[in-house]
Amino acid sequence: MRPAHIALAVLVTALWGVNFVVIEIGLGHFPPLLFSALRFLVAALPAVFFVGRPKVAWKWVIGVGLALGVAKFGLLFVGMNQGMPAGLSSLVLQIQAVFTALFAAVALGERPGRTRLLGMGVALAGIAVAAVDEGTSGPLAAFALVIAAAVFWGVSNVLTRKASPPDSLNFMVWVSTVPVLPLLGLSLLFEGPSADLAALRALDGTGAAIILYVAWGTTVFGFGVWGFLLRRYPASSVAPFSLLVPVFGMSAAALVLGESLSPLRWCAAVLLVGGVALASLARSAPAAGPATVLTGPPPSVAASRGTRGGTRADSSRQDA
């Protein structure tokens, strides 16, 4: 990769990692479901008027929008609002690569090879260590919500694999239109109209900047750049950069939010990132259809399809 493109890849993963800290701060301004709805509203508008019509069937746009936007981000924001630390969230969410491989094996017949199975086992061991660490310092229910978010991220990755959108930015912008109304409805139902109105009336420059960051910085810019890189280079060259997301996320959380990094958390990080690296970059065992490289950037990879030398990229941080 050219040095300028390496710098772009690192910049995007840094934006996605820092995004977890921005979400944590944003949850002090907005109820979680309303926050997620605003994120997708601003990501979709006005971009949807400039990207042209969807280039895949509506069923894929709606399916990915519900799995990724409503379920994955809704659960992530609620989990963080209930006490899941930003840095740990950026790490634990990477287990989506394991769920993606499992769902792809069932739905697409992509049989994982031994190396990928080993990586999945190592990553799951990292999740177990992280659960032990969180169980001694925070609410396990919030931890479980983030794991559930990773499950739905895996679902959205497989749906995106089936959709195979030719234009990642076009696809992500249209996907962003789907969650807005469901998330607003859920917010009104569970968070209440008074809480939503109070948050909107109190909107200030900081709150607006947070929404712009998570919508345009991590979604529109991040996904657009990631899709550009996947179209120019093999997925095996681009995908490893996604492993920097939890590095930036945990570092930013420690520096900005003062989150502690216990020895158990470091152990979990090594196991999870190492396992995801094996699971993401190992080749699948021979099966019908093209080989798939499962990666773990925030929805960017879920929304980005790159083909080079016969290899496809699956699957984001985003921002999350």
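Residues numbered from 1 in each chain as written. Predicted model: local features only at pLDDT ≥ 70, side-chain atom pairs only at ≥ 80, totals over all residues. Heavy atoms only, no water.

**Overview of the overall build of the protein**
In terms of helices and strands, the protein carries 14 helices and three strands. With 320 residues in all, the protein has 56% of them scored as buried. Carbon and sulfur atoms provide 71% of the accessible area of the protein, an area that totals close to 12,100 Å². (Helix = DSSP H or I, 4+ residues; strand = E, 2+ residues; numbered from the N terminus. Buried < 20%, exposed > 50% of the residue type's maximum accessible area, 1.4 Å probe, protein only. Areas by Shrake-Rupley, 256 points an atom, 1.4 Å probe, with all protein chains shown as cover.)

**Details of the environment of alanine 163**
You can see alanine 163 is positioned in helix α7 (residues 140-163). Separated by 100 residues in sequence, alanine 163 and glycine 63 place their C-alpha atoms 9.9 Å apart.

**Considerations on the packing of helix α2 (residues 32-44) against helix α8 (residues 168-177)**
Viewed as axis vectors pointing N to C, α2 and α8 meet at an angle of 135°, and their least axial separation amounts to 8 Å. With respect to α8, the element α2 is oriented oblique. Once α2 is placed against α8, the crossing between them reads as left-handed. Residues Phe40, Ala43 and Ala44 of α2 lie in contact with α8, whose contacting residues are Met172, Val173, Ser176 and Thr177. The residue inventory of the contact of α2 with α8, partitioned by class, reads five nonpolar, two polar and no charged. (Axes fitted to C-alpha atoms, helices over the stretch in contact; angles between N-to-C directions. Parallel < 35°, antiparallel > 145°, perpendicular 65-115°, else oblique. Left-handed = near helix turned anticlockwise from the far one by under 90°. Contact = heavy atoms within 4.5 Å. Nonpolar A, V, L, I, M, F, W, Y, C, P; charged D, E, K, R; others polar.)

**Some thoughts on helix α11 (residues 205-232)**
When the terminal C-alpha atoms of α11 are compared, their 37 Å separation across 28 residues agrees well with the 40 Å that a helix rising 1.5 Å per residue should span. Of all the bends in α11, the greatest measures close to 30° and is centred on glycine 222. N-capping of α11 is provided by aspartate 204, with a side-chain oxygen placed 3.3 Å from the backbone N of threonine 206. (Expected span 1.5 Å × (residues − 1). Bend = angle between axes of the 7 residues up to and from the residue. Polar contact = N/O pair within 3.5 Å; in protein donor to acceptor, adjacent residues only side chain to side chain.)

**Comments concerning the nonpolar core**
Within the largest apolar cluster, 85 residues are counted, with the highest numbers of intra-cluster contacts made by Phe35, Leu76, Val92, Leu93, Ile95 and Phe143. Excluding its chain neighbours within four sequence positions, the residues that come into contact with leucine 93 are Phe20, Lys72, Leu76, Val146, Ala149, Ala150 and Trp153. (Core = buried A, V, L, I, M, F, W, Y, C linked by side-chain atoms within 4.5 Å.)

**Quick notes on the packing of aromatic side chains**
Centre distance and the angle of the planes are the two values used to describe a pair of aromatic rings. Counted under the stated rule, the structure contains seven aromatic pairs. Summarising the aromatic geometry, the rings of tryptophan 16 and tryptophan 226 are spaced 5.2 Å apart at their centres and angled 50° between planes, so their arrangement reads as tilted. Of the two residues, tryptophan 16 sits in helix α1 (residues 3-26) while tryptophan 226 sits in helix α11, which places them 210 residues apart along the sequence. Like tryptophan 16, the residue tryptophan 226 is buried in the burial classification. Plain terms: the ring middles of tryptophan 58 and tryptophan 174 are 5.4 Å apart, the flat faces sit at 90° to each other, and that makes the pair edge-to-face. Of this pair, tryptophan 58 sits in helix α3 (residues 58-81) while tryptophan 174 is found in helix α8, placing the two residues 116 residues apart along the sequence. Here a set of aromatic residues connected by ring pairs shows up, and it is made of Phe30, Phe35, Phe40, Phe73 and Phe77. (Phe/Tyr/Trp six-rings, centres within 6.5 Å; stacked < 30°, edge-to-face > 60°.)

**Some points on unusual backbone geometry**
Along the chain, leucine 45 connects to proline 46 via a cis peptide bond; the corresponding omega equals 0°. Turning to its location among the elements, proline 46 is positioned in the loop between α2 and α3. You will see that serine 164, though not glycine, has its phi angle at about 50°, which is positive.

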